[in-house]
Amino acid sequence: MFAKVIIDQDARAIDKEFEYSVPNSLNVKIGMRVFVPFGNRIVQGFVVGLSENCSYDISKVKPINRTIEEFSAIKEEMLEVMKFMVKKNHLTMASILRLFLPSQMREGKVKEIFETFYTLKVENFIPKSNAKKQRELIEILKKEKRCSSVLLGEKFGYGTLKTLQQNGIIEKEKTQVDRKPFVIEKEDNRVQLNQMQKLAIERIKDNKTYLLHGVTGSGKTEVYMNLIERELSAGKNAIMLVPEISLTPQIMSNFKARFGDFVAVLHSGLSAGEKFDEWKRIFLGKAKIIIGARSAIFAPVENLGIIIIDEEHEQSYVSESNPRYFTHDIAKFRAKHNGCPLVLGSATPSVESYQNAMDGNYELVELPIRANGKELPAIQIVDMLGEIRQGNNSIFSNQLIADLVEVINNKKQAMIFINRRGYSSFMRCRDCGYVAQCSDCDVSLVYHKEDDRLKCHYCGKQYKVLTRCPKCKSENIKYGAVGTEQVVSKLKELFPDVKVLRMDNDTTSTKNAHQKILNEFRNTLPCILVGTQMIAKGHDFENVTLVGVVDADQSLFQADYRSTEKTFQLITQVAGRAGRSKDEGKVVLQTYAPRHYVYKFVSNYDYKGFFRKEANIRKTANFPPFSRIIRLLFSDNNENYARELLKICYTEIEKLKEKYSSEILYLDAMKSPIKRLQNKYRFQIILRIKLEKADQIEEEVFNIAKKTAKTNIFLEINPSNMA
Ligand code: ADP
Ligand code: ZN
Ligand code: ZN
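In what follows, the accompanying structure is described. Small disclaimer: the values here were computed from a predicted structure and weren't measured.

Right, let's talk about the pattern of salt bridges for a bit. In this structure the tally under the stated criterion is 47 salt bridges. The residue aspartate 383 makes a salt bridge to arginine 389 at a minimum N-O spacing of 3.9 Å. According to the relative accessible area criterion, aspartate 383 is partly exposed, its value standing at 22%. Using a relative accessible area of 67% as the deciding quantity, one classes arginine 389 as exposed. For the salt bridge of arginine 421 with aspartate 506, the shortest nitrogen-to-oxygen distance reads 3.0 Å.

As structure tokens, this is what we get:
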């Protein structure tokens, strides 16, 4: 017998199947991990095929050393996923297979946790009449059959345990236990579904992609839970993906409350051990519902009855660092493979997904009203230039302050959204224009007042604050655009007696910090929560009656063809946090561009109107989803080398222009907007191509790139971040 093995090393040069012989003593199956001789070393590999014969010179074939586990860690479906991703995402097989396993397993550091338990050995033993503790302990063991040693020891004393064990009355045993990620317990809050929800659930049943467009608060989560419940009772399993930032304790608690131990959660907040144990529960079929961020799409779950992607428009479903993939593609593949429905849910679907629905590729299912019948909160647009004309130079408009005062007087809560952390976006010398920059990245540093440091938001490096310009020695320093820290400190000046909380990357870096902030917010009246994107999603606070957007334009004017779409999505999401319960909600939106079309549509909650306008603009300008953008990013510590690679590649790609003259709409090579990142120089080639032959051209471009450079080159499709 011979095996085809993929070596567990992410290198293009060895990205192929190697053949080995299988010794009779080994029970090797497809999907198993093995140790094999490679060169003069022993390395890890994955068995992806078995056959009776070998195409390699039999006299030279080496035998597999041994198996790593006695089961197939990579299940058959996942091997299919791998093949799909090789084709679709141009990734090496090893880099894909690595996505399918928890890091603990690959590093060979699997640590299982064992707990000691006691059971009763002699059923009819009667302790001496004065041995009260012994008697009680035995009573408990009679009832429970099996009890943890810690529990018994703490209650009856470890001495008691020892005596009974030594006398052969009770017996000790060690059992492996799973680490369970911490989830707050709560009661299941089951509601009577409304007509719209029932209809949605009835419609979502075939092996198709459904776009569930439901306004914020329309009860999408309840629809998801009912869909999952239906599949569960049909003996099937489910995956539900949520963006990392909206993977709130709340969502996990809700699912645990309804489905108990059938739920496994996978997210970046877990320890390696917790991840491994959850993975194992899924692998063994103990967990039936997987809730997680992007990478949970690779969970080793079989027999899927449904896949759900909540907040499907979120950018976090695109893996932007290597290995690069788009979660929707993989979800579609797995749904097809399992013959089950895929649900894409959102209050603000991506233009691409909605266009797919318009084109009939997806089935559109709508939930147009809030589940509790409440109106969506009114959105008032405030022109900040007008404020300046009236002499108000503060970061808050008079309207926002008046509304905050009302919230405070009514002992309610407000959320203030500002999508920039730190105190101010940069520090600049007013006299010579010098801006403090990161020494490793060509980006300006952000001022953090709390720890009085300048920080690079790209690489994390920290610097001393600028008190005097290093160039012209002037002490006349200007602060850039407002960030969360500054909003908090200004609010504290305005309302010294009111609790003001901050939630952003800086305040949530420690474990469970998220939860603590949200709990404090929930329990404080009145209270103001200032935050970045993190506060925009998923939260359901009944006392929030006001949402303020300090700088709505922030995401609007960026070199990204999706910037308007993103602004619409973000504002709709934050607005949806207000007035979710009995009290009326309101949104104050501050902008310097009040006449921009996005604000007209967003303030009327007119998604469809917005979509029509936006799709029209993109169609006219030939932008995705009506074309495809390919970016090739070259980066290297050596600037000349990176430039050289770029040139060679570009010359080759230019030749494609002759072959595909009418399909290639745009082609150019340039320095990246961020010219240097973590000391690597960056160049890029950008192509925009028509959809008709897009796959073909993409393949050719990729082959050119692969030929030119073995590393330092990234290929991205429709990148949202062109920096
Ligand atoms: P979405 O995810 O669409 O924004 P949620 O699923 O968070 O909305 O639901 C918003 C609120 O409405 C939740 O508090 C939920 O419990 C409640 N809800 C959902 N469905 C119903 C229903 N049929 N009747 C009453 N309340 C409901
Ligand atoms: Zn200066
Ligand atoms: Zn940096």
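Here the focus is the coordination of the zinc ion (ligand 2). Those donors, Cys429 (SG), Cys432 (SG), Cys469 (SG) and Cys472 (SG), are the protein atoms that reach the zinc ion (ligand 2), and they lie 2.3 to 2.4 Å from it. Classification of the site at the zinc ion (ligand 2) rests on its four donor atoms, whose angles at the metal span 103 to 113 degrees, yielding the label tetrahedral. Of note, the donors binding the zinc ion (ligand 2) are all from one chain and are spaced C-x2-C-x36-C-x2-C. Linking cysteine 432 in the loop between β18 (427-429) and β19 (446-448) with cysteine 469 in the loop between β21 (462-464) and β22 (477-479), this pair joins segments that are 37 residues apart in sequence. The exposure class assigned to cysteine 469 is buried, which follows from its relative accessible area of 1%.

For the zinc ion (ligand 3), every protein donor is listed as Cys438 (SG), Cys441 (SG), Cys456 (SG) and Cys459 (SG), and the spread of their distances is 2.3 to 2.4 Å. In this structure, the zinc ion (ligand 3) is surrounded by four donor atoms whose angles at the metal cover 106 to 114 degrees, and the resulting shape is tetrahedral. Counting the intervening residues between successive donors of the zinc ion (ligand 3) yields the motif C-x2-C-x14-C-x2-C. Note that cysteine 441 is positioned in the loop between β18 and β19 and cysteine 459 in the loop between β20 (453-455) and β21, a separation of 18 residues in sequence. The class of cysteine 441 is buried, set by a relative accessible area of 0%.

With that out of the way, let us pick up unusual backbone geometry. Most of the time, phi is negative for any residue but glycine, and the peptide bond is trans. Residue proline 526 is reached from leucine 525 by a cis peptide bond, and omega for that bond is -10 degrees. Within the element layout of this structure, proline 526 appears in the loop between α16 (513-522) and β24 (527-531). The omega torsion of the bond from proline 624 to proline 625 falls at 5 degrees, within 30 degrees of zero and hence cis. By the element assignment, proline 625 lies in the loop between α19 (607-621) and β27 (627-636). A positive phi is found at aspartate 452, a non-glycine position, where the angle reads about 50 degrees. Tracing the sequence through the fold places aspartate 452 in the loop between β19 and β20. Under the relative-accessibility criterion, aspartate 452 is labelled partly exposed at 43%. Even without a glycine there, the phi angle at asparagine 679 is positive, about 70 degrees. By the secondary structure assignment, asparagine 679 is in the loop between β28 (664-677) and β29 (680-690).

Each value, and the rule that gives it
- Residues numbered from 1 in each chain as written.
- Chains lettered and ligands numbered in written order.
- Predicted model: local features only at pLDDT ≥ 70, side-chain atom pairs only at ≥ 80, totals over all residues.
- Heavy atoms only, no water.
- Salt bridge = Lys/Arg side-chain N within 4 Å of Asp/Glu carboxyl O.
- Buried < 20%, exposed > 50% of the residue type's maximum accessible area, 1.4 Å probe, protein only.
- Donors = N, O, S within 2.8 Å, 3.2 Å for Na, K, Ca; no water.
- Tetrahedral: all angles 85-135°; square planar, octahedral: opposite > 155°, others 65-115°.
- Helix = DSSP H or I, 4+ residues; strand = E, 2+ residues; numbered from the N terminus.

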